[in-house]
Amino acid sequence: MPADRLDARFKQDTLYVFKAEETQLIKAWPDLTAARKHDRNARWLDFEPDYPLIRPYRSRRKPKPKAPPTGAPRQLALDLVLPPDAPPLVLTRPRLTPAQRRKRAFDAFRFSCPKPIARRIEPFRGDHLPLLRLLLALGERGDLFDSSPALGYCLALAFRRSLAARTQERNQRLDQLASLKQAEIMDRLGLPHSKRAVKSMAKIRPTAMSRELAGGIKRLLADEDALQIMGHLPELNLGALTLLLDPQLRALATPVLFEAIVDEPQEGYFPFTARRLADIQQMADALGVDISRRRFRERRRLDGLFQDLAQDYTRLEDHRLKASRFPPPPVPGSDDIVPLRAPQALVEEGRQQRNCVAGYTERVAGGDTYIYRVLRPQRATLSLVRWPGGRWQIGELLRAGNHPVSAMTRRAVEAWLETHRL
């Protein structure tokens, strides 16, 4: 997608989004309708955006001028007076970049919503339109999102079509459900509703919710072993839930590891530990290594085992992995950030940087990970990962030997990524 085509504007209570060969418009609160059309088709079709509409907003506070130290000489002000025949000064504003215009447009969309509504929606990573429509219909009863945001998300998905259709039946059914207790709402939605299940549902962070995960919650809340683990955790993020959903991988993790996952901010957005364990299990099975009796307490041990297995696995599967075909990179490269388009490039990157990216060959071929070579400001290896919902984010960004990069390098990579996505 050309970067100069990806743009957004907000005017007349409407968010306009311009993508490659497509124009989208999303009406602001309280209308909340959305339509799009292809540039070669004059017909507008209803749709639901697959990107977040309510973005975090933090106003930049201007630094207060520092008072001069006591006893310091005071600077005299200069009064410059232009001659009477001087032409008027023309004040010009710097031209906004496409990324700045998109931020301004989405900020305006956020400000069109009541502040309590925006604060409730902001943590969710997707499905903002159904969530906004549900909160509009619930009105003052939207405090369900404060006590159990995951249940509110499941309710929005259950009523997604009727919320879009604005049917009278929707209002009647919502009125009935909104007056019930959480256990009763879960029962009506076909979810397990024991006391432990209700408490566990209330622990799920909004950032964890996606349509993919919502499909597994019913199974998870009916699993007594999983409920026992969830009962000992203060909160449940995406990393912990993804690991809990796989009984084979769950058996490899100790309570200490689950606590570390919940405390790790990155695990709230991508299940790094669960993915690492899944890769280890796959490689161990292929190599005939039995890890079923292993119990892991910390991520560092996982990373070391992954690196050891990846070397043997790459040699074992050398011919098959070299024959793998990578999809096109999800984000175009630049002079400083180069996508690695073939398995051989991953092997070479791993050799140069002393890391284990060669072990990601199958994930790249499968379309949920992509590896880039970062040349400046520092030499580093970057992995982009596809979040639930389809949005690409930075997974790992490390220098040789898996050492962290500088803040300048991270900001440069984040700025590059921001120019190519909504």
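Residues numbered from 1 in each chain as written. Predicted model: local features only at pLDDT ≥ 70, side-chain atom pairs only at ≥ 80, totals over all residues. Heavy atoms only, no water.

A.B. asks: Teacher, can you tell me more about the overall build of the chain here?
C.D. replies: Broken down by element type, the chain carries 20 helices and ten strands. In terms of overall dimensions, the chain has a C-alpha envelope of 90 × 65 × 60 Å along the principal axes. When burial is assessed residue by residue, the chain has 44% of its 422 residues classed as buried. The long-range share in the chain, meaning contacts at least 24 apart out of those at least 6 apart in sequence, stands at 60%. (Helix = DSSP H or I, 4+ residues; strand = E, 2+ residues; numbered from the N terminus. Buried < 20%, exposed > 50% of the residue type's maximum accessible area, 1.4 Å probe, protein only. Contact = heavy atoms within 4.5 Å.)

A.B. asks: Is there a simple way to explain the pattern of salt bridges in this structure?
C.D. replies: When charged atoms on two side chains of opposite charge get close, those side chains can pair. A complete count under the given rule lists 28 salt bridges for this structure. Asp279 serves as the salt-bridge partner of Arg363, at 3.0 Å between the closest nitrogen and oxygen. Of the two residues, Arg363 is situated in helix 19 (residues 361–366) and Asp279 in helix 15 (residues 272–287); the sequence distance between them amounts to 84 residues. For the pair Arg363 and Asp279, a shared accessibility class is recorded, and that class is buried. Through salt bridges with shared partners, a single network forms among Glu48, Asp127, Arg160 and Arg211. (Salt bridge = Lys/Arg side-chain N within 4 Å of Asp/Glu carboxyl O.)

A.B. asks: I tried to follow the packing of aromatic side chains on my own but got confused; where do I start?
C.D. replies: In this description, a pair of aromatic rings is defined by centroid distance and the angle of the planes. Taken as a whole, this structure holds ten aromatic pairs when the rule is applied. Ring geometry for Tyr372 and Trp416: centres 5.3 Å apart, planes at 65 degrees, overall edge-to-face. On the criterion of sequence distance, the pair formed by Tyr372 in strand 7 (residues 369–374) and Trp416 in helix 20 (residues 407–418) is long-range, its members being 44 residues apart. Both residues of the pair, Tyr372 and Trp416, belong to the buried class. (Phe/Tyr/Trp six-rings, centres within 6.5 Å; stacked < 30°, edge-to-face > 60°.)

A.B. asks: How do you make sense of the sheet that holds strand 3 (residues 22–27) when you look at a structure like this?
C.D. replies: In any sheet, the strands associate via hydrogen bonds between backbone groups, in a parallel or an antiparallel arrangement. Strand order in this open sheet of five strands is 1-2-3-4-5, and the pairing throughout is antiparallel. Looking at the sheet topology across the chains shown, the edges are occupied by strand 1 (7–11) and strand 5 (45–46). Here helix 1 (residues 98–111) sits on the sheet in contact with strand 1, strand 2 (14–19) and strand 3, set at roughly 35 degrees to strand 1. (Pairing = 2+ DSSP bridges. Axes fitted to C-alpha atoms, helices over the stretch in contact; angles between N-to-C directions.)

Keep in mind these values describe shape, not function.
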